[in-house]
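# Coordinates in review
Letter by letter, the chains look like this.
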Amino acid sequence: MNNEKEENFIQYMDTRISATQEYISQLTADHRKDESDFEKIRANIYQILKTIFQASQKMALEEDEQTRFLHSRLVVIENNWRASLKKAEEYHDERKILQEQIKLEVMDEVHAAFPKLWEVII
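Figured I'd write up the structure that's included with this text. Since the model is a prediction, treat every value here as computed from it, not as a measurement.

The rules behind each value
- Residues numbered from 1 in each chain as written.
- Predicted model: local features only at pLDDT ≥ 70, side-chain atom pairs only at ≥ 80, totals over all residues.
- Heavy atoms only, no water.
- Axes fitted to C-alpha atoms, helices over the stretch in contact; angles between N-to-C directions.
- Helix = DSSP H or I, 4+ residues; strand = E, 2+ residues; numbered from the N terminus.
- Parallel < 35°, antiparallel > 145°, perpendicular 65-115°, else oblique.
- Left-handed = near helix turned anticlockwise from the far one by under 90°.
- Contact = heavy atoms within 4.5 Å.
- Nonpolar A, V, L, I, M, F, W, Y, C, P; charged D, E, K, R; others polar.
- Core = buried A, V, L, I, M, F, W, Y, C linked by side-chain atoms within 4.5 Å.
- Buried < 20%, exposed > 50% of the residue type's maximum accessible area, 1.4 Å probe, protein only.
- Phe/Tyr/Trp six-rings, centres within 6.5 Å; stacked < 30°, edge-to-face > 60°.

### Quick look at the packing of helix H2 (residues 33-58) against helix H4 (residues 94-117)
One way to put it is that H2 packs onto H4 with a least axis distance of 9 Å and a crossing angle of 40 degrees. Our classification of the angle between H2 and H4 gives oblique. In the crossing of H2 with H4, the sense of the turn from one axis to the other is right-handed. Residues Asp34, Asp37, Phe38, Ile41, Arg42, Ile45, Tyr46 and Leu49 of H2 form the contact with H4, whose participating residues are Arg95, Leu98, Gln99, Ile102, Lys103, Glu105, Val106, Met107, Glu109 and Val110. Classifying every residue of the contact of H2 with H4 gives 10 nonpolar, one polar and seven charged.

### Quick notes on the nonpolar core
One broad trend across soluble globular proteins is that nonpolar side chains are buried collectively. Counting residues in hydrophobic clusters, the biggest one holds 28 residues, and the most contacted among them are Phe9, Met13, Leu49 and Val110. Secondary-structure elements contributing two or more residues to this core are helix H1 (3-29), H2, helix H3 (63-90) and H4. Residue contributions to this core peak at nine residues, all from H4. Apart from the residues lying within four places of it in its own chain, the contact partners of Phe9 are Phe53, Val110, Phe114, Leu117 and Trp118.

### Topic: the packing of aromatic side chains
Under the counting rule described, the total for this entry stands at two aromatic pairs. Geometrically, the ring pair formed by Phe9 and Phe53 is tilted, given 4.5 Å between the ring centres and 45 degrees between the ring planes. Of the two residues, Phe9 sits in helix H1 while Phe53 sits in helix H2, which places them 44 residues apart along the sequence. Residues Phe9 and Phe114 carry aromatic rings whose centres are separated by 5.5 Å and whose planes lie at 75 degrees to one another, so their mutual orientation is edge-to-face. Of this pair, Phe9 sits in helix H1 while Phe114 sits in helix H4; the two residues are 105 residues apart in sequence, bridging distant segments of the chain. Of the two residues, Phe9 and Phe114, neither departs from the other in class, the shared state being buried.

Below is the structure:
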């Protein structure tokens, strides 16, 4: 596994976690609890995805095996969140809909960023 690629991804996740935590602090200071709670979900999802990535590092897999492992885990998680979103929509549970949408937004963002982060600039 390429350490530079791993470091790029971890750095990206740490930056996103930090920025989200700063935003949570601002919202909390402004007494915007509901918005703060939703951003806490976002920060937690970044942390979960980072933890899954770190678990794949510890498995000492080849790069393509690590990528497949990550993809398989993320597909399962994403499918669960989509099912939960669908159920929330059926029951018109607005709060749950927002929670699941935030999770999927983070997943989409990380999916979009991953190919760029995984490139090594020579």
